[in-house]
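Below, each chain spelled out in residue letters.
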Amino acid sequence: MTETREHTLPASVTQRRFLWDGVGNTVFAQARNVGKELGIKKLYMKFEGGNPTGTQKDRVAYEQVFDAFSRGFEAVAIGTCGNYGAAVANAASLNGMKTYVYIPKDYHTRRVEELEALNATVVWVEGKYEDAVARASEDAASHGWYDANPGEASAPLGVKAYSEIAREIFRSLRRVPATVCVPVGNGTTLAGIWAGFKELHAQGRTQGLPMMVAGSSYRGNPIISSFKAGRTLVEDLKPEEIHETAVNEPLVNYHSFDGQLALDALHESNGFAEYASDRNLIAYARLVREREGLNPLPASTSGLRALVKMLPLRPQAAEGDHVVILTGRRS
């Protein structure tokens, strides 16, 4: 278990200390059993389940809440399918702040009790994820709350937070992997990891850059659809084309808020993107659980599924190191 640490604010802001609860430095291990099962020689898993609420979203949640805290906000608003809301609520609760979490009414999130235990107010919204984000931003503006929602204003904090994953991978592996395989929804995690490796390379600390591999729900993500169509600009899907399930909700959207950053990263890295069905996601999560003893959120195995689809098409990459980003499952 990682230790809670304090972050001291400038004296001009406040004398209070901001608490960070064990974020980052998550498990990195070779997945020999899953690799053998899938025919991947050097497969590694970066398991973000060790973060406070079990996902990589804790990284950006603490950055957002610290920004709100340092600027004197007393409450934070966030639209979510569940995981990011829990991450923000946890960070805010630890630091004496209130959270308003907006969730699409028809979603299947299992984290409502957790949110309420963290003193968050859950607001159910008609429509899809994007509608929850819009409503959260509107209420934040009208009530004077901090707007932690994805978009152009928050993208730099997200990229900064997720870039640390690249540095942790490099410290653990001591070299740049051939691929880094990431589940994508809004695309911020993939964009941040790519930015982290680019920074390492610019500093002269690495000899090369990895290929970024993106996985997401079958026909439910504009980053994947745009890349597969050969586009250089992300094109939104039609809302009526999106079908949420209890499995794909962390991934699916018709508008990826940081999708252009992710699509640019895929093109710059000569990357790859592929869909995964709910059946794929469930099967890969079971495989990781049974062979490696980790309990991943099924949606987070979409990057692993994309890697499996990619390797026969790019056999020159087969001998390299392959890192898959996974998050934890919370009931």
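Data block above holds the structure.
Keep in mind that this is a model prediction, so the values were computed, not measured. (Residues numbered from 1 in each chain as written. Predicted model: local features only at pLDDT ≥ 70, side-chain atom pairs only at ≥ 80, totals over all residues. Heavy atoms only, no water.)

So, about the sheet that holds strand 10 (residues 211-217). Picture the strands of a sheet paired through backbone hydrogen bonds; they go either parallel or antiparallel. Strand order in the open sheet formed by 6 strands is 3-4-12-9-10-11, and the pairing between neighbours is mixed. At either margin of the open sheet sits one strand with a lone partner, and together these are strand 3 (27-30) and strand 11 (272-276). In this sheet, neighbouring strand axes are inclined to one another by 20° on average, regardless of whether the strands run parallel or antiparallel. Examined bridge by bridge, strand 10 and strand 11 share 5 bridges and lie parallel to one another. Bridge pairing in strand 11 links S216 to Y275. The strands touched by helix 10 (residues 278-292) are strand 3, strand 4 (43-47), strand 11 and strand 12 (322-326); relative to strand 11, the strand with the most contacts, the crossing angle is about 100°. (Pairing = 2+ DSSP bridges. Helix = DSSP H or I, 4+ residues; strand = E, 2+ residues; numbered from the N terminus. Axes fitted to C-alpha atoms, helices over the stretch in contact; angles between N-to-C directions. Contact = heavy atoms within 4.5 Å.)

Where charged atoms from two side chains of opposite charge come close, those side chains can pair. All told, the structure shown has 19 salt bridges when counted by the stated rule. E319 is the partner of K41 in a salt bridge, and the nearest nitrogen-oxygen pair spans 3.1 Å. Taken together, the residues span a long stretch of sequence, with K41 in the loop between helix 1 (32-38) and strand 4 and E319 in the loop between helix 11 (302-310) and strand 12 at a distance of 278 residues. Connected via shared salt-bridge partners are K46, E48, R59 and E168. (Salt bridge = Lys/Arg side-chain N within 4 Å of Asp/Glu carboxyl O.)

In this model helix 10 runs 21 Å from its N-terminal to its C-terminal C-alpha over 15 residues, within 8% of the 21 Å that 1.5 Å per residue would give. Buried residues along helix 10 sit in contact with helix 1, strand 4, strand 11, helix 11 and strand 12. Within two residues after helix 10, G293 carries a phi angle of roughly 75°, on the positive side. (Expected span 1.5 Å × (residues − 1).)

Okay, unusual backbone geometry next. We note that R219 has phi near 55°; this positive angle belongs to a residue other than glycine. Topologically, R219 is positioned in the loop between strand 10 and helix 8 (222-228). Here the phi dihedral of N270 falls at roughly 55°; this positive angle occurs in a residue that is not glycine. The residue N270 is located in the loop between helix 9 (259-268) and strand 11 in this model. Take N270: its relative accessible area is 52%, and that puts it in the exposed class. (Buried < 20%, exposed > 50% of the residue type's maximum accessible area, 1.4 Å probe, protein only.)

Further remarks concern the side chain of E168. Counting through the fold element by element, E168 comes out in helix 6 (residues 155-173). According to the relative accessible area criterion, E168 is buried, its value standing at 5%. Among the polar contacts listed, one links the side chain of E168 to the backbone nitrogen of N25, at a separation of 2.9 Å. Look past the residues within four positions of E168 in its chain and what remains in contact with it is G24, N25, T26, K46 and R59. (Polar contact = N/O pair within 3.5 Å; in protein donor to acceptor, adjacent residues only side chain to side chain.)

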